[in-house]
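What follows is the residue order along each chain.
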Amino acid sequence: MNRVFYLSFICFAVLVTACNLEKDKETDPDRIYFDYQVTGEEGNDNLTILLQYRDGGEDEDAISTGSSTSVTLDGEMIPPDSTRSGGIFYEMHKPIDAFTGKHQIVFTGPGKKEYREEFSFQPVRLLTVLPDTIHRADLVFEFEGLSGGTPTEETEGSIRVLLTDTSFINDGINHLEKAKDGRIVIPVTDLDRLANGPVQLVFTREIQRPVRKGTDEGGRLLITYTLKREFFLTD
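What counts and what doesn't
- Residues numbered from 1 in each chain as written.
- Predicted model: local features only at pLDDT ≥ 70, side-chain atom pairs only at ≥ 80, totals over all residues.
- Heavy atoms only, no water.
- Helix = DSSP H or I, 4+ residues; strand = E, 2+ residues; numbered from the N terminus.
- Buried < 20%, exposed > 50% of the residue type's maximum accessible area, 1.4 Å probe, protein only.
- Contact = heavy atoms within 4.5 Å.
- Areas by Shrake-Rupley, 256 points an atom, 1.4 Å probe, with all protein chains shown as cover.
- Pairing = 2+ DSSP bridges.
- Core = buried A, V, L, I, M, F, W, Y, C linked by side-chain atoms within 4.5 Å.
- Phe/Tyr/Trp six-rings, centres within 6.5 Å; stacked < 30°, edge-to-face > 60°.
- Patch = residues over 30% accessible without salt bridge, like charges linked within 9 Å, V, L, I, M, F, W, Y side chains within 5 Å.
- Salt bridge = Lys/Arg side-chain N within 4 Å of Asp/Glu carboxyl O.
- Lys, Arg positive; Asp, Glu negative; His and termini not counted.
- Charge placed at Lys NZ, Arg CZ, Asp CG, Glu CD.
- Polar contact = N/O pair within 3.5 Å; in protein donor to acceptor, adjacent residues only side chain to side chain.

Engineer: What is the right way to look at the overall build of the chain in this model?
Structural biologist: Counting secondary structure elements, the chain contains three helices and 16 strands. Burial statistics for the chain: of 235 residues in total, 38% are counted as buried. Considering only intrachain contacts with a sequence separation of at least 6, the fraction spanning at least 24 residues in the chain is 62%. Summing over all exposed atoms, the chain offers an accessible surface of approximately 13900 Å²; the carbon and sulfur share of this is 51%.

Engineer: Got a minute to help me understand the sheet that holds strand β4 (residues 76-77) in this structure?
Structural biologist: Here we have four strands laid out as an open sheet, ordered β4-β3-β7-β8, and antiparallel in their pairing. Unpaired on one side and paired on the other, β4 and β8 (114-121) mark the two borders of the sheet. With two bridges connecting them, strand β3 (residues 70-73) and β4 associate as antiparallel partners. Note that in β4 the partner of L73 across the bridge is E76.

Engineer: I tried to follow the nonpolar core on my own but got confused; where do I start?
Structural biologist: Most often, soluble globular proteins keep nonpolar side chains buried together rather than apart. Ranked by internal contacts, the top residues of the largest apolar core, which has 47 residues, are Y36, F141, L163, I186, L201 and F203. At six residues, strand β16 (residues 219-234) tops the list of elements feeding residues into this core. Apart from residues lying up to four places away in sequence, F203 is in contact with L126, F141, F143, I159, R160, V161, I186, Y225, T226 and L227.

Engineer: Got a minute to help me understand the packing of aromatic side chains in this structure?
Structural biologist: Any aromatic ring pair is given by two values, namely how distant the centres are and how the planes are angled relative to each other. Within the structure shown, the criterion is met by 13 aromatic pairs. A centroid spacing of 5.8 Å and a plane angle of 80° characterise the contact between Y53 and Y90, whose relative ring orientation is edge-to-face. Here Y53, found in strand β2 (residues 46-55), pairs with Y90, found in strand β6 (residues 87-95); they are 37 residues apart in sequence, far enough to count as distant. In terms of burial, Y53 and Y90 fall into one category: buried. A centroid spacing of 5.7 Å and a plane angle of 55° characterise the contact between F99 and F121, whose relative ring orientation is tilted. Linking F99 in helix α2 (residues 96-99) with F121 in strand β8, this pair joins segments that are 22 residues apart in sequence. Take F99: its relative accessible area is 3%, and that puts it in the buried class. Of the aromatic side chains, those joined through ring pairs into one cluster are F34, Y36, Y53, Y90, F107 and Y115.

Engineer: What exactly am I supposed to notice about the pairing of strand β14 (residues 183-186) here?
Structural biologist: Both faces of the sheet carry side chains from a regular strand, because those side chains alternate between them. Only one face of β14 is buried, namely the one carrying I184 and I186, since none of R183 and V185 on the opposite face is buried. In terms of strand pairing, strand β11 (residues 139-144) meets β14 through four bridges, oriented antiparallel. Bridged to E142 within β14 is R183.

Engineer: Sorry if this is basic, but what is going on with unusual backbone geometry here?
Structural biologist: What is expected of a backbone is that most residues other than glycine have negative phi and most peptide bonds are trans. In this structure, D74 is a non-glycine residue whose phi angle is positive, near 50°. Mapping D74 onto the fold places it in the loop between β3 and β4. Assessed through its relative accessible area of 45%, D74 is described here as partly exposed.

Engineer: Help me understand a negative patch on the surface, please; the structure alone is not making it clear to me.
Structural biologist: A surface patch of like charges, here negative, comprises E58, D59, E60 and D61. Summarising the element assignment, E58 is placed in the loop between β2 and β3.

Engineer: Just checking my understanding: could you explain the side chain of D165 for this structure?
Structural biologist: Checked against the element boundaries, D165 lands in the loop between β12 (158-164) and β13 (173-178). Here D165 occupies a buried position and makes no salt bridge, while the nearest side chain of opposite charge, R136, is found at 7.2 Å. At 2.8 Å, the side chain of D165 forms a polar contact with the backbone nitrogen of A195.

Here is the structure:
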């Protein structure tokens, strides 16, 4: 009985291994979708670079690209890691102050083919000082570190504005604003949708564009930098 069980277990293990090998074999290099994310926040010393490679599109599972592939950031090798829910990923943390400027991600895929993706990172600073209490009126915020958009980076220089109160009556304000001369205006009509009292204000600078050097499947580069403020809203 034990011998039968042992032989059955061996057959099952061989079958699973064969299926996995067949799955890896069927992975088409041109179907690999590049998902690159750089995330930073004011007040945190480090930002996060998260790189994933998906089989067939943005919403597909993050996969292992094989033992013969590699990923580097500015020449530094990034080892793969994984989670049960997120799949395979390549992650690195870098000091925000030292990361300003140009960078390069190099993915060496099957057949030693290299895909080089260059990008720039620039933290954003809010120059406007908010008082503890703000009366309902148009609010103008001035930023340092915003640049104009280009045809391939349409959202560069944009800021996502999120305003929430503590009333639980509405969903607050959440929209993307294009900075003009480094300024964002929150109109009084937005504030009129909020209740008097404590308000949390979140600015997120978002840059999202397609990868320039990718496979036939393509990919995206998403860079975000977040700033948070709080104030008391009154009439």
